[in-house]
Structure formats: C-alpha cells, structure tokens
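What follows is the residue order along each chain.
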Amino acid sequence: MANDFEPVIIGFTCNWCSYRAADVAGTTRLKYAPNVRLIRLMCSGRIDPTFVLKALADGADGVLITGCHPGDCHYLEQNYKALRRHRLLQRTLAQLGVEPERVHLTWASAAEGAIFAATIDRFVERVRALGPLRWPARPKPLPVAVAPELAEEALP
C-alpha cells in the first residue's frame, strides 16, 4: 500500500520572493501537489534549524525551504545563511539516521511561479518515494490526574 502514502510537507518561504512565487502560481492557476503547507518567513535566512527539526518531529515527512536567488536577497546575504544552515541540517539528519533528501532548499523569485510549482511537484514525488518518516516513538504525556511527586512511579 505504499502507493496510498501522501506525504505531508512543510514549506518555509521567503516573504519577498518565493511566497510571491507561490502567489503567482496560484493566480495563474498552475496545478501542483496539495501536500505542502506554506509558512511565510520574512527571509529564508530566518529559518532556524530547530524549525525544521520540529516540523519533522511533529509529523512532517519533508521540509521545503525556499528563498530569493543568491545575490538578490532583500536582506543582503541572508540567503547564504540559509544555504549554510541547510547544509548543516543535512549532515545532522544523516547522523540521526534520517534521509537528508527530506529537507530541500531551492531559490525562486517572485516571477517564477511555474518553477515554484514544478519544484513542489518534484519534491513531493521524492518524499513519496522515500516513504513516511518514522521517528522513534515519543514518550506519552503523563495523565493529568497524576500528582507531580508520583510522576516517576507512573512511568512504565
């Protein structure tokens, strides 16, 4: 039943370029996979690696980071910062046993709605081929009725 798997993708987009590219894709009625939930940041350089790890830990199967082309950042060189963080994330994920391909960085200007849509489609297919992300089970929260001093006894 691997064909039934529909990945959940979180997309962090730059306000000035790639979020506008998503707007262009929508207004020109370009079709692309509906699997991506976009989160707008002022700049791709604002993406903190913990945002990506939190998205994956909370159920995303992949994360797409998009920003202005290098040299065209509204905040000067912040997209280079995003590039360095992306490389760090890929090494970190590999060390955690997670496929680095689950996190993708791409550049899209405000005029590149078609490129943005095609990138989403390719990334969704890549994550679909990888299958669901299976993180180790997280500990279950303690029942509300358990007093804090008894919490250690309540753990299995």
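It should be noted that the structure appears before, not after, this text.
Owing to the predicted nature of the structure, the values given are computational and were not obtained by experimental measurement.

Here is what the cut-offs are and how they apply
- Residues numbered from 1 in each chain as written.
- Predicted model: local features only at pLDDT ≥ 70, side-chain atom pairs only at ≥ 80, totals over all residues.
- Heavy atoms only, no water.
- 1 Å grid on protein atoms, 1.4 Å probe; cavity = no way out; pocket = protein on both sides within 12 Å on 5 of 7 lines; lining within 4 Å.
- Points joined across faces, edges and corners; volume = space filled by probe spheres on them.
- Helix = DSSP H or I, 4+ residues; strand = E, 2+ residues; numbered from the N terminus.
- Buried < 20%, exposed > 50% of the residue type's maximum accessible area, 1.4 Å probe, protein only.
- Lys, Arg positive; Asp, Glu negative; His and termini not counted.
- Salt bridge = Lys/Arg side-chain N within 4 Å of Asp/Glu carboxyl O.
- Polar contact = N/O pair within 3.5 Å; in protein donor to acceptor, adjacent residues only side chain to side chain.
- Contact = heavy atoms within 4.5 Å.

(A) A look at empty space enclosed by the protein. Evaluated as defined, the whole model comprises one cavity of 30 Å³ or more. What the largest cavity holds in volume is close to 30 Å³. The wall of the largest cavity is formed by I47, D48, P49, V52, I65, A82, R85, H86 and L89. At the level of elements, α2 (49-57) and α3 (78-95) are the ones that each hand at least two residues to the lining of the largest cavity. Of all the elements, α3 adds the most residues to the lining of the largest cavity, at four residues.

(B) Spatial organisation of the side chain of D61. Following the sequence through the fold, D61 ends up in the loop between α2 and β3 (62-67). As a buried residue without a salt bridge, D61 has its nearest oppositely charged side chain in R102, at a separation of 4.8 Å. Polar contacts involving the side chain of D61 include one to the main-chain amide nitrogen of L133, which spans 3.1 Å. With sequence-adjacent residues up to four places away left out, D61 is seen in contact with F5, E6, P7, V8, L56, R102, V127, P132 and L133.

(C) Structural context of the environment of L38. Relative to the helices and strands, L38 is located in strand β2 (residues 36-41). Owing to a relative accessible area of 30%, L38 belongs among the partly exposed residues under this scheme. Between the C-alpha atom of L38 and that of L64, which follows or precedes it by 26 residues, the distance is 8.9 Å. Here L38 is in contact with G11, T13, A22 and F116, once residues within four sequence places are set aside.

(D) Region of the structure containing the pattern of salt bridges. For the structure shown, the criterion picks out four salt bridges. Between R102 and E99 there is a salt bridge whose closest N-O contact spans 2.8 Å. The shortest N-O distance in the salt bridge between E125 and R128 comes to 2.2 Å. Linking E125 with R128, this pair stays in helix α4 (residues 113-130), spanning three residues, or about one helical turn. The class of R128 is partly exposed, set by a relative accessible area of 21%. Three or more residues joined by partner-sharing salt bridges are found here, namely E6, E125 and R128.

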